[in-house]
Amino acid sequence: MSDDTTPAHGATRSGFVALIGAPNAGKSTLLNQLVGAKVSIVSRKVQTTRTQVRGIAMSGASQIVFVDTPGIFRPKRRLDRAMVTSAWGGATDADLVGVLIDVSKASDEETTELLARLGEIRQPKFLVLNKVDTLKDKGALLYISSALNTKATFETTFMISALTGSGVKGMLEWLAGRVQPGPWLYPEDQISDAPLRFLAAEITREKLYERLHDELPYRSTVETDSWQQKPDGSVRIEQTIFVERESQRKIVLGKGGATIKAIGQSARKDIAEAAEATVHLFLFVKVREDWGNDPARYREMGLEFPHG
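Criteria and cut-off values
- Residues numbered from 1 in each chain as written.
- Predicted model: local features only at pLDDT ≥ 70, side-chain atom pairs only at ≥ 80, totals over all residues.
- Heavy atoms only, no water.
- Pairing = 2+ DSSP bridges.
- Helix = DSSP H or I, 4+ residues; strand = E, 2+ residues; numbered from the N terminus.
- Buried < 20%, exposed > 50% of the residue type's maximum accessible area, 1.4 Å probe, protein only.
- Core = buried A, V, L, I, M, F, W, Y, C linked by side-chain atoms within 4.5 Å.
- Contact = heavy atoms within 4.5 Å.
- Phe/Tyr/Trp six-rings, centres within 6.5 Å; stacked < 30°, edge-to-face > 60°.
- Lys NZ or Arg CZ within 6 Å of the ring centre and 35° of its normal.
- Expected span 1.5 Å × (residues − 1).
- Arc of directions from axis to C-beta.
- Polar contact = N/O pair within 3.5 Å; in protein donor to acceptor, adjacent residues only side chain to side chain.
- pLDDT = per-residue confidence, 0-100.
- Axes fitted to C-alpha atoms, helices over the stretch in contact; angles between N-to-C directions.
- Salt bridge = Lys/Arg side-chain N within 4 Å of Asp/Glu carboxyl O.

Colleague: Report on the pairing of strand β8 (residues 221–229), specifying residues and quantitative values.
Modeller: Both β8 and strand β9 (residues 235–243) contribute to a ladder of eight bridges, which runs antiparallel. Looking across to β9, one finds that Thr221 is bridged to Phe242. Counted between consecutive antiparallel strands, the loop separating β8 from β9 contains five residues, among which Gly233 sits at a positive phi close to 95°.

Colleague: Any details on helix α1 (residues 27–35)? Residues and values, ideally.
Modeller: For α1, the buried fraction is high: seven of the nine residues fall into the buried class. For α1, every residue scored as buried is listed here: Lys27, Ser28, Leu30, Leu31, Asn32, Leu34 and Val35.

Colleague: An account of the nonpolar core is requested, with residue identities and associated values reported.
Modeller: If you look at the biggest cluster of nonpolar residues, it comprises 23 residues, and the most contacted ones within it are Leu30, Ile64, Phe66, Phe126, Met171 and Leu175. Within the residue set of this core, elements represented by two or more residues are β1 (13–21), α1, β3 (62–68), β4 (96–102), β5 (125–130) and α5 (168–178). Here this core gets five residues from one element, more than from any other, and that element is α5. Excluding residues within four positions of it along the chain, Leu175 makes contact with Val17, Ile64, Phe66, Leu96 and Phe126. Among the nonpolar cores identified, the runner-up in size contains 22 residues, and Leu216, Val222, Ile263 and Ala277 belong to it.

Colleague: So what's going on with the packing of aromatic side chains? Residues and values would help.
Modeller: Any pair of aromatic rings gets described here by the distance separating the centres and the angle formed by the planes. Applying the stated criterion across every chain yields a total of three aromatic pairs. Three or more aromatic residues joined by ring pairs make a cluster, and in this case those are Phe126, Phe158 and Trp174. The ring of Phe282 has Arg236 sitting right over it, with the charged end atom 4.1 Å from the ring centre. The aromatic ring of Phe242 is capped on one face by Arg288, whose charged end is 3.4 Å from the ring centroid.

Colleague: Please set out helix α4 (residues 138–149) residue by residue, giving values where relevant.
Modeller: The end-to-end C-alpha distance of α4, which contains twelve residues, comes to 17 Å, matching closely the 16 Å that a straight helix rising 1.5 Å per residue would cover. By the burial criterion, the buried members of α4 are Leu141, Ile144, Ser145 and Leu148. All buried residues of α4 project into a common sector of 100° when viewed along the axis, lining one side. When the buried face of α4 is taken as reference, the exposed residues oriented beyond 90 degrees from it are Leu142 and Tyr143. Contacts from the buried residues of α4 go to β4, α3 (109–117), β5 and β6 (157–159). Where α4 begins, one side-chain oxygen reaches toward the backbone nitrogen of Gly139, 3.0 Å away; that side chain belongs to Asp137.

Colleague: Mind laying out the environment of Ser234, listing which residues take part and the relevant values?
Modeller: Take Ser234: it is sitting in the loop between β8 and β9. Taking relative accessible area as the criterion, Ser234 reaches 4% and is therefore assigned buried. Sequence separation of Ser234 and His280 is 46 residues, and the distance between their C-alpha atoms is 7.5 Å. Setting aside residues no more than four positions away along its own chain, Ser234 makes contact with Gln228, Gln229, Thr278 and His280. There is a polar contact of 3.5 Å between the side chain of Ser234 and the side chain of His280.

Colleague: Summarise the confidence of the model for the protein; cite the residues concerned and give the values.
Modeller: When pLDDT is averaged along the protein, the result is 79, and 73% of the positions lie at 70 or above. Averaged over each element, pLDDT in the protein is lowest for helix α2 (residues 78–93) (56) and highest for β6 (97). Throughout residues 1–5 the model reports pLDDT below 50, and contacts reaching past four residues in sequence, or to other chains, amount to one contact. In the predicted structure, residues 40–51 sits below a pLDDT of 50 and forms 64 contacts with residues beyond four places in sequence or in another chain.

Colleague: Describe unusual backbone geometry, naming the residues involved and giving the relevant values.
Modeller: Of note, the phi angle at Lys131 is positive, near 65°, even though the residue is not glycine. By the element assignment, Lys131 lies in the loop between β5 and α4.

Colleague: Describe the sheet that holds β8, and please don't skip the residues or the numbers.
Modeller: For sheets, the rule is that strands pair by backbone hydrogen bonds, running either parallel or antiparallel. Across the sheet, which stays open at both edges, the three strands sit in the order β8-β9-β10 with mixed pairing between neighbours. Strands at the two margins of the open sheet, each flanked by one partner only, are β8 and β10 (279–287). Neighbour-to-neighbour, the strand axes of the sheet open up by a mean angle of 20°, direction not taken into account. Alignment of β9 against β10, held across nine bridges, turns out to be parallel. Paired with Val235 across the two strands is Val279, which belongs to β10. Helix-sheet contacts for helix α6 (residues 196–212) involve β8, β9 and β10, and the interaxial angle to β8 is about 135°. The strands that helix α7 (residues 246–253) touches are β9 and β10; relative to β10, the one it contacts most, it runs at about 155°.

Colleague: Residue-level account of the pattern of salt bridges, with values.
Modeller: Think of it this way: side chains of opposite charge can pair up when their charged atoms draw near. Tallied over the full model, the rule gives nine salt bridges. Ionic pairing is found between Arg288 and Glu223, a salt bridge with its closest N-O pair at 2.9 Å. Of this pair, Arg288 sits in the loop between β10 and α9 (295–300) while Glu223 is found in strand β8, placing the two residues 65 residues apart along the sequence. Given a relative accessible area of 17%, Arg288 falls into the buried group. The salt bridge partner of Arg236 is Glu238, with a shortest N-O separation of 2.4 Å. A residue is classified by how much of its surface remains accessible, and Arg236, at 22% relative accessible area, is partly exposed. When salt bridges that share partners are traced, they join Lys207, Glu210 and Asp270 into one network.

Shown next as structure tokens:
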């Protein structure tokens, strides 16, 4: 039985929207703006969104389910190939595809390669020009928009700043009218269907990169080993940070454990907010050499292991 705030099925709309783009185009930041909660890791380090975390946005009687894909880039390693395969897979599974481009990198090689491959995606596409606030020459913005629209077919173009939220509301309203009539796919209060354990690991990984973004390769990973609900309503969480070398383990720990303590405090605050509970977080750092070639790790991250 639906409550009074849920529109009748005849009035509701819903659909899946994929956001694709080169690394650091701002996909995760945009997703967090659209959904209004932190569901996808945001980092200055290129290439940190590894798996398709769905965020759910409500606009009027429409429910829009976003698939945030890894950045599309030229893969060098097995992990890279899995991430790029996941990105294209997310795009072909969606009803609509948003192509996000950083205006300052509109003529970069990665953007050119991305545009060249868009023909593989049959779904309707829309162009999102991000970081427009960084471009002072508005004439240049119109030129970039016009040039990109000659390279692929887009239903419409949005000029936004994912960081400030400028232009995002208009884009959401357009999507609300563009998705197909039909029942909602998720309960209204469920902002993300990524399990909290996974989200908690993503939050810790974000804090790790925020603190050590120059010293740590993105191949470091975090796994939530245990999640125990206590009688008092609090949650006890154990997580392991895996690195590939002993030298990296020492960097993560820091002098006298100071670095890992700071990462833990920062992560605990955000996890507590997401879990809506008091959180006791215990972090461990382990060296796992060559984990980038271990199929089990890929399954845990929701990626397919690329053979060969």
